[in-house]
Amino acid sequence: MLAFLEEHPSSHLTLTEMADLAALSPSRFSALFRQSTGMSPVRYQVGQRMRRARELLDLTSTPVAKIAQLLGYDDSFYFSRQFSKEHGMSPREYRRHGKG
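Keep in mind it's a predicted model, so treat the numbers as computed, not measured.

Draft legend 1. Looking closely at the packing of aromatic side chains. What the rule picks out here adds up to 6 aromatic pairs. An angle of 50 degrees between the planes, with centres 6.0 Å apart, marks the rings of Tyr73 and Tyr78 as tilted. A relative accessible area of 6% means that Tyr73 is categorised as buried. Judged by centre distance (6.1 Å) and plane angle (50 degrees), the rings of Phe79 and Phe83 are tilted. Residue Phe79 and its partner Phe83 are located together in helix α6 (residues 76-87), separated by 4 residues, close to a single helical turn. Note on accessibility: Phe79 and Phe83 belong to one class, buried. Above the ring of Tyr73, the side-chain terminus of Arg49 is found at 5.5 Å from the ring centroid.

Structure representation (structure tokens):
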């Protein structure tokens, strides 16, 4: 599941869907995932999206709205709020102030 989430940061899998893919109950999957990574599956998934967002902001001139779309966010404002919560600055500020 870790490899899948790293390779597909735009995927929006629910905990139940991830557990089904791993052939485990949601509670067992969540416990094993947390034991392995130190965080919940959903938190890990968000972290992978934010990692990819930083890469795109660092390496491309792709507009923020397009980056949000590439990462599976239907709402670029929600993406910007989530990025700001994670990094303490908006995606545009991140790009403007020198890369992370």
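Draft legend 2. Just the side chain of Thr62, in detail. In this structure, Thr62 sits in the loop between α4 (41-59) and α5 (64-70). Separated by 3.0 Å, the side chains of Thr62 and Thr60 make a polar contact. Not counting the four nearest positions on each side in its chain, Thr62 is found in contact with Ile67, Leu70 and Arg95.

Draft legend 3. Just the packing of α4 against α6, in detail. Taken N-terminus to C-terminus, the directions of α4 and α6 make an angle of 95 degrees; their axes are 11 Å apart at the nearest point. Comparing the axis directions of α4 and α6 gives the class roughly perpendicular. Of the residues in α6, those touching α4 at Arg43, Val46, Met50, Ala53, Arg54 and Leu57 are Phe79, Gln82, Phe83, Glu86 and His87. Across the contact of α4 with α6, the residue classes break down as 6 nonpolar, 2 polar and 3 charged.

Rules behind the numbers
- Residues numbered from 1 in each chain as written.
- Predicted model: local features only at pLDDT ≥ 70, side-chain atom pairs only at ≥ 80, totals over all residues.
- Heavy atoms only, no water.
- Phe/Tyr/Trp six-rings, centres within 6.5 Å; stacked < 30°, edge-to-face > 60°.
- Buried < 20%, exposed > 50% of the residue type's maximum accessible area, 1.4 Å probe, protein only.
- Helix = DSSP H or I, 4+ residues; strand = E, 2+ residues; numbered from the N terminus.
- Lys NZ or Arg CZ within 6 Å of the ring centre and 35° of its normal.
- Polar contact = N/O pair within 3.5 Å; in protein donor to acceptor, adjacent residues only side chain to side chain.
- Contact = heavy atoms within 4.5 Å.
- Axes fitted to C-alpha atoms, helices over the stretch in contact; angles between N-to-C directions.
- Parallel < 35°, antiparallel > 145°, perpendicular 65-115°, else oblique.
- Nonpolar A, V, L, I, M, F, W, Y, C, P; charged D, E, K, R; others polar.

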